[in-house]
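Structural overview
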Amino acid sequence: MVNGYPHWQTVPLRWKDNDVYGHVNNVVHYSLMDTVINTWLIEQGGLDIEAGEVIGLCVESHCAYHSSVSFPGSLRVGLRVAHLGKSSVRYEIGMYAADESLVAEGHFVHVFVDRESRRPTPVSGKLREALEALRPG
């Protein structure tokens, strides 16, 4: 568990990620957080984003920027669960450059709800197990 993150995913940067100033635009960092989280939820938690009864809604996100990166290249993105409640989860994400320097770190909060009613629903079964696996130590 490097830097306290149980899960790592390498994400390639794309040409379109650079802005007019020649670095990855801030909105891309949020997109990468969302992508890494949802990849984990789908692959490990069995979340069915198209037809499942339960969906995760983002209710809060934050990103602090530490250094600049640009295309070409990739980021190593670390993922962990800082808090797992009855129907919500707070993820923490670290983004690192190839030289292992910290590029950005943030958090993302999902509330799991019933697809139809949009009312909070308990996180259970395979989904809860996958989120538990992201808790450090």
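Further up the page is the structure itself.
A brief report on the enclosed structure follows. (Residues numbered from 1 in each chain as written. Predicted model: local features only at pLDDT ≥ 70, side-chain atom pairs only at ≥ 80, totals over all residues. Heavy atoms only, no water.)

Here we come to the overall build of the protein chain. If you tally the helices and strands in the protein chain, you get 2 helices and 5 strands. Along the chain direction, N to C, the helices and strands of the protein chain fall in the order β-α-β-β-β-β-α. Reported as C-alpha extents along the three principal axes, the dimensions of the protein chain are approximately 45 × 35 × 20 Å. By the burial criterion, 41% of the 137 residues in the protein chain qualify as buried. Surface summary for the protein chain: the accessible area is close to 7,500 Å², and the carbon and sulfur share equals 50%. A gap of 4 Å separates the mean positions of the 12 positive and 16 negative side-chain charges of the protein chain. (Helix = DSSP H or I, 4+ residues; strand = E, 2+ residues; numbered from the N terminus. Buried < 20%, exposed > 50% of the residue type's maximum accessible area, 1.4 Å probe, protein only. Areas by Shrake-Rupley, 256 points an atom, 1.4 Å probe, with all protein chains shown as cover. Lys, Arg positive; Asp, Glu negative; His and termini not counted. Charge placed at Lys NZ, Arg CZ, Asp CG, Glu CD.)

Looking now at the nonpolar core. Residues Leu41, Tyr91, Ile93 and Leu131 are the most contacted members of the largest nonpolar core, which totals 32 residues. Going through the elements one at a time, helix H1 (26-43), strand S3 (74-84), strand S4 (88-96), strand S5 (102-114) and helix H2 (125-132) are the ones with two or more residues in this core. With near-sequence residues (within four places) excluded, Leu131 lies in contact with Trp40, Leu41, Val81, Leu84, Val89, Tyr91, Phe112 and Val123. (Core = buried A, V, L, I, M, F, W, Y, C linked by side-chain atoms within 4.5 Å. Contact = heavy atoms within 4.5 Å.)

On to the state of the cysteines, then. Summed over all chains, the structure comprises 0 disulfides. Of all cysteine sulfurs in the structure, the one in Cys63 sits closest to Cys58, which takes part in no disulfide; the separation is 12 Å. (Disulfide = S-S within 2.5 Å.)

Now for the sheet that holds S4. Sheet architecture is open: 5 strands sit in the order S1-S3-S4-S5-S2, paired in antiparallel fashion. Strands with a single pairing partner mark the edges of an open sheet, and in this sheet they are strand S1 (7-12) and strand S2 (54-65). The average angle at which neighbouring strand axes cross in this sheet is 25 degrees, direction not considered. Both S3 and S4 contribute to a ladder of 8 bridges, which runs antiparallel. Note that in S4 the partner of Gly78 across the bridge is Gly94. Of the strands in this sheet, S1, S2, S3, S4 and S5 are in contact with H1, which crosses S5 at around 50 degrees. (Pairing = 2+ DSSP bridges. Axes fitted to C-alpha atoms, helices over the stretch in contact; angles between N-to-C directions.)

Taken together, the buried positions of H2 are occupied by Leu127, Ala130 and Leu131. Within H2, the buried residues cover an arc of 95 degrees as seen down the axis, which keeps them to one side. Across from the buried face of H2, at angles greater than 90 degrees, the exposed residues are Lys126 and Glu129. Those residues of H2 hidden inside the fold are in contact with H1, S3, S4 and S5. (Arc of directions from axis to C-beta.)

Any two side chains of opposite charge can pair, on the condition that their charged atoms come close. Scanning the entire structure with this criterion turns up 5 salt bridges. A salt bridge links Glu92 to Arg90, with the nearest nitrogen and oxygen atoms 3.0 Å apart. Residue classification places Arg90 among the partly exposed positions, given a relative accessible area of 28%. Salt bridges linked by common partners bring Arg80, Arg90 and Glu92 together as one network. (Salt bridge = Lys/Arg side-chain N within 4 Å of Asp/Glu carboxyl O.)

Okay, H1 next. With 18 residues, H1 ought to run about 26 Å at 1.5 Å a step, and its terminal C-alpha atoms sit 26 Å apart, in line with that. Those residues of H1 that sit buried are Val28, His29, Leu32, Met33, Val36, Ile37, Asn38, Trp40 and Leu41. The secondary structure elements touched by the buried residues of H1 are S1, S2, S3, S4, S5 and H2. (Expected span 1.5 Å × (residues − 1).)

The analysis is restricted to geometry; functional conclusions fall outside its scope.
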